[in-house]
Amino acid sequence: MMVRDTSRPDPSKTEAITVVMCTSKAIYLSALIRVLLLVKVVSCKPTIHNQGRPFIMRVPTEEGRGEEITSTLRNSRKAGLSPPSKTARRATQQISQGRISSLHDRGEAMEPVDRRSFLKTVAGTAALAAVEGRPSWASDAGPVFLSTWLQGKPANERAAEIFKGGGSLLDAVEKGINVPENDPAVTSVGYGGLPNAEGVVELDAAIMDGTRHRAGSVCNLHMIKNPISVARLVLEKTRHTTLAGEGAFRFALKMGFEPRTLLTPESLKKWQEWKARPQHETFWLTPENHDTIGMVATDGKGHVVSGCSTSGLAWKIPGRVGDSPLVGCGVYADDNVGTASATGDGDLMTNYCTSVSIVHTMARGASPQEACMELLRHMVKTDAKNKDGEVAVIAINTRGEIGAACMNNRFHLKYALWRNGESQLLESVMLI
Ligand code: SD4
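The text that follows walks through the structure, step by step, so that each part is easy to find. (Residues numbered from 1 in each chain as written. Predicted model: local features only at pLDDT ≥ 70, side-chain atom pairs only at ≥ 80, totals over all residues. Heavy atoms only, no water.)

## Description of the site of the ligand
- Residues in contact with the ligand amount to 14 residues; listed here are only the nearest, Thr 292, Arg 320, Asp 323, Thr 343 and Gly 344.
- Within the contact set of the ligand, an oxygen atom lies 3.4 Å away from a backbone nitrogen or oxygen of Asp 291.
- Here Gly 344 contributes a backbone N or O atom positioned 2.7 Å from a nitrogen atom of the ligand.
- When the ligand is considered free in solution it has 290 Å² of accessible area, and contact with the protein chains removes 100% of it.
- In the shell around the ligand, the residues fall into two nonpolar, nine polar and three charged. (Near = heavy atom within 4 Å. Polar contact = N/O pair within 3.5 Å; in protein donor to acceptor, adjacent residues only side chain to side chain. Areas by Shrake-Rupley, 256 points an atom, 1.4 Å probe, with all protein chains shown as cover. Nonpolar A, V, L, I, M, F, W, Y, C, P; charged D, E, K, R; others polar.)

Shown next as structure tokens:
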């Protein structure tokens with residue numbers, strides 16, 4: 001018979017104690033991990049401007065929103081993007097049913113939400129991102145160039161080429177916008193742009209750097225075909241933000257730009273036809289021919305830039321300045337949030353500071369698409385007549401997520417998207 005040495009602990013008991021200790025350690029550890037994860041999730045800030053509180057944004061269930069989702073789905077299919085996963089579809093459905101809901105409506109304070117709602121929102125955002133065919137939180141998504149109208153496609157392609165060749169994002173946006181500026185077939189931008197009521201081509205442009213939070217812009221610039229490049233030099237070489245008219249022209253000459261006529265035989269002919277029309281001055285009330293290029297871009301690493309160039313509304317009153325060269329209207333860029341641009345009736349849009357409004361809505365947690373829609377809804381809410389307005393907007397956030405929307409079918413924005421080496425033309429979502 002074996003006599004156990006009682007001065008030593010019973011090995012079977014020791015084993016049992018060890019097992020109990022290990023198990024309780026494991027339970028403790030797993031509980032700790034859960035608590036840490038919970039704290040992380042709850043304190044996770046979707047944007048930098050929510051004062052540390054989690055929130056969700058309102059995703060209204062009115063008609064426009066339903067259209068937005070179906071249209072985004074349609075676009076994603078058209079673009080050949082992979083269909084959304086089951087979870088993403090379910091979350092998208094929840095959004096359209098209004099089950100993920102509430103909280104912000106134009107500037108109202110954000111309210112805290114419980115973890116469950118917040119997680120739902122994260123799922124919702126992920127779903128929308130998945131619908132658009134990209135990871136929702138991608139930070140290394142690579143550069144993205146997003147531009148208005150058909151002329152945006154060659155502009156994006158040039159911008160991507162410049163960027164891939166080692167140019168900065170500002171270089172890329174500037175050189176990209178130079179493409180339609182140089183193209184006489186584009187009658188709303190640069191050379192070949194339709195003139196003002198006196199037959200003079202007056203150009204507006206602006207470019208904004210999200211890192212420095214600074215812009216350069218020119219208004220009513222004549223005889224210089226690349227106003228975006230002059231705007232860039234206002235940004236780089238002066239402490240000013242905007243130069244206008246004769247002063248902008250003289251600055252351009254000083255910077256080495258060659259003066260030249262911007263009227264083409266075609267644009268001259270169109271102006272003469274307009275002049276010959278009885279009551280041709282109806283342009284005072286109804287905008288004619290305009291399709292500005294607005295470009296927003298990110299380098300995929302959190303830097304954003306916005307650029308815009310236009311000849312403005314055809315037959316405008318000499319001296320008229322549209323929204324395009326105005327900081328916060330035609331352009332806005334903030335590396336903390338994202339960037340936006342606009343195209344359409346500048347006399348209407350200037351009153352809504354479209355681009356800054358979109359970026360600020362994104363800062364409060366909205367996706368770029370939702371922020372664009374919110375701006376349009378706000379315009380209609382303040383004046384129902386705006387639903388017939390010519391308004392279109394684009395936006396990108398620092399994660400490379402995009403938004404593109406227009407008010408109605410009368411002015412249905414087609415936008416160009418360059419991402420991952422792929423250049424596409426897509427149709428934007430309409431509010432009405
Ligand atoms: C303007 N917003 O001068 C410009 C014109 C434009 O699409 O964007 N047209 O009002």
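Right, picking up where we left off after that structure.
## Digging into the side chain of Asp 209
- Checked against the element boundaries, Asp 209 lands in strand β2 (residues 203–209).
- Judged by relative accessible area, which is 4%, Asp 209 ranks as buried.
- Look past the residues within four positions of Asp 209 in its chain and what remains in contact with it is Leu 170, Arg 214, Leu 235, His 303, Val 304, Val 305 and Ala 333. (Helix = DSSP H or I, 4+ residues; strand = E, 2+ residues; numbered from the N terminus. Buried < 20%, exposed > 50% of the residue type's maximum accessible area, 1.4 Å probe, protein only. Contact = heavy atoms within 4.5 Å.)

## Observations concerning the pattern of salt bridges
- Tallied over the entire structure, the rule returns 15 salt bridges.
- When salt bridges that share partners are traced, they join Asp 171, Glu 174, Lys 175, Asp 209, Arg 212, Arg 232 and Glu 236 into one network. (Salt bridge = Lys/Arg side-chain N within 4 Å of Asp/Glu carboxyl O.)

## Remarks on the sheet that holds strand β12 (residues 422–427)
- Taken in spatial order, the eight strands line up as β4-β3-β2-β6-β5-β1-β11-β12 in an open sheet, and their pairing is mixed. Two strands in the sheet have a free side with no partner beyond their single neighbour: β4 (242–244) and β12. In this sheet, adjacent strand axes meet at a mean angle of 10° when their direction is disregarded.
- Here six bridges tie strand β5 (residues 293–298) to strand β6 (residues 304–310), and the two strands are oriented antiparallel to one another. Residue pairing in the sheet places Ile 293 in a bridge with Ser 309 of β6. (Pairing = 2+ DSSP bridges. Axes fitted to C-alpha atoms, helices over the stretch in contact; angles between N-to-C directions.)

## Side note on the side chain of Ser 341
- Within the secondary structure, Ser 341 sits in strand β8 (residues 338–344).
- Within the structure, the side chain of Ser 341 is placed 2.8 Å from the backbone oxygen of Gly 330, a separation counted as a polar contact.
- In contact with Ser 341, not counting residues within four places along its chain, are Gly 294, Met 295, Val 296, Ser 306, Gly 307, Cys 308, Gly 330, Ser 355, Ala 392, Val 393 and Ile 394.

## Let's talk about helix α8 (residues 245–254)
- Along α8, the residues classified as buried are Gly 245, Ala 248, Phe 249, Phe 251 and Ala 252. All buried residues of α8 fall inside an arc of 160° around its axis, so they share one side. Exposed residues lying more than 90 degrees from the buried face of α8 are Arg 250 and Lys 254.
- In the core, the buried residues of α8 are packed alongside β3 (214–221), α7 (227–237) and β4.
- After α8 finishes, the residue Gly 256 shows a positive phi value of roughly 95°. (Arc of directions from axis to C-beta.)

## Quick word on the sheet that holds strand β10 (residues 402–406)
- What the five strands build is an open sheet, ordered β7-β8-β9-β10-β13; its pairing is mixed. Every interior strand has two partners, whereas the edge strands, β7 (331–334) and β13 (429–430), have only one.
- Strand direction decides the pairing type here: β7 and β8, joined by four bridges, are antiparallel. Across the sheet, Tyr 332 pairs through a bridge with Ala 340, a residue of β8.
- Set on the sheet, helix α11 (residues 354–363) makes contact with β7, β8 and β9 (391–397); between it and β8 the angle comes to about 145°.
- Sheet strands in contact with helix α12 (residues 368–382) are β9, β10 and β13, and its direction is about 25° off that of β10.

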